[in-house]
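What follows is the residue order along each chain.
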Amino acid sequence: AEAARPVAEGGAGDLRQLFAQQQRQQGGEPAPADGDLGSELEQQAQLEAAQIASYDANVTDKKNRAAEKRELVRAGNLAPCEELDLELMCVLYGVMMQWLEVSENRLVLFW
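Residues numbered from 1 in each chain as written. Predicted model: local features only at pLDDT ≥ 70, side-chain atom pairs only at ≥ 80, totals over all residues. Heavy atoms only, no water.

Comments concerning the overall build of the protein
A tally of helices and strands in the protein yields seven helices and zero strands. Helices and strands appear in the protein in the N-to-C order α-α-α-α-α-α-α. The buried share among the 111 residues of the protein stands at 16%. Across the protein, contacts joining residues at least 24 apart in sequence account for 42% of those joining residues at least 6 apart. On the protein, roughly 8400 Å² of surface is accessible, and the fraction owed to carbon and sulfur atoms is 53%. (Helix = DSSP H or I, 4+ residues; strand = E, 2+ residues; numbered from the N terminus. Buried < 20%, exposed > 50% of the residue type's maximum accessible area, 1.4 Å probe, protein only. Contact = heavy atoms within 4.5 Å. Areas by Shrake-Rupley, 256 points an atom, 1.4 Å probe, with all protein chains shown as cover.)

Here it is, written out as structure tokens:
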């Protein structure tokens, strides 16, 4: 009952404290002083913020790479299509060179 009290009073920040305390108790570590706990929570928040920023940067990079590849295909460079399916592209090179000359057709292959 005592462990549930801080959660009801303080919200999500207290949940982190509760989980950190439970983890320390299960691991046999001594509980830190109040100042240490605040520092630990601040470090955890910084880590979470860094992870979110890293994820967002990776998503942005992935979108940028995809846009660059689409532009390469639109400009006539079929290397991105070859990366996706080399065997198909070899067949198309032999049979459909005129079809591949049209930008929209090349984009159909990439999408």
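Topic: the nonpolar core
By size, the foremost hydrophobic cluster in this structure holds eight residues: Val73, Leu78, Cys81, Met89, Leu92, Leu100, Leu107 and Phe110. Mapped by element, the contributors of at least two residues to this core are helix H5 (86-95) and helix H7 (103-110). Excluding anything up to four places from it in sequence, Phe110 contacts Ala66, Lys69, Arg70, Val73, Pro80, Cys81 and Leu84. (Core = buried A, V, L, I, M, F, W, Y, C linked by side-chain atoms within 4.5 Å.)

So, the pattern of salt bridges
Tallied over the entire structure, the rule returns two salt bridges. Salt-bridge contacts for Lys69 lead to Glu83; the nearest nitrogen and oxygen are separated by 3.2 Å. Of the two residues, Lys69 sits in helix H3 (residues 34-75) while Glu83 sits in helix H4 (residues 79-84), which places them 14 residues apart along the sequence. Residue classification places Glu83 among the exposed residues on the basis of a relative accessible area of 58%. For Arg74, the salt bridge goes to Glu71, with nearest N and O atoms at 3.2 Å. Residue Arg74 and its partner Glu71 are located together in helix H3, separated by three residues, close to a single helical turn. The class for Glu71 is partly exposed, based on a relative accessible area of 44%. (Salt bridge = Lys/Arg side-chain N within 4 Å of Asp/Glu carboxyl O.)

Some remarks on the environment of Gly76
In this structure, Gly76 sits in the loop between H3 and H4. Assessed through its relative accessible area of 38%, Gly76 is described here as partly exposed. Once the C-alpha coordinates of Gly76 and Leu100 are considered, the two residues, 24 residues apart in sequence, prove to be 8.5 Å apart.

Focus: the side chain of Arg106
Along the chain, the position of Arg106 falls in helix H7. Summary of buried charges: Arg106 has no salt-bridge partner, and the nearest side chain of opposite charge, Glu104, is 7.6 Å away. In this structure the side chain of Arg106 is engaged in a polar contact, spanning 2.8 Å, whose partner is the backbone oxygen of Arg74. Sequence-distant contacts of Arg106, that is, excluding residues within four places in its chain, are made with Val73, Arg74, Ala75, Gly76, Leu78, Cys81, Leu100 and Glu101. (Lys, Arg positive; Asp, Glu negative; His and termini not counted. Polar contact = N/O pair within 3.5 Å; in protein donor to acceptor, adjacent residues only side chain to side chain.)

As for the confidence of the model for the protein
Atomic detail in the predicted coordinates should be set aside for any region of low pLDDT. In this model, the protein carries a mean pLDDT of 79, and residues with pLDDT of at least 70 account for 77%. When pLDDT is averaged over each helix and strand of the protein, the minimum, 45, is found for helix H1 (residues 4-10) and the maximum, 92, for H4. Note that residues 1-10 has pLDDT below 50 and, in this model, seven contacts with residues that lie over four places away or in other chains. (pLDDT = per-residue confidence, 0-100.)

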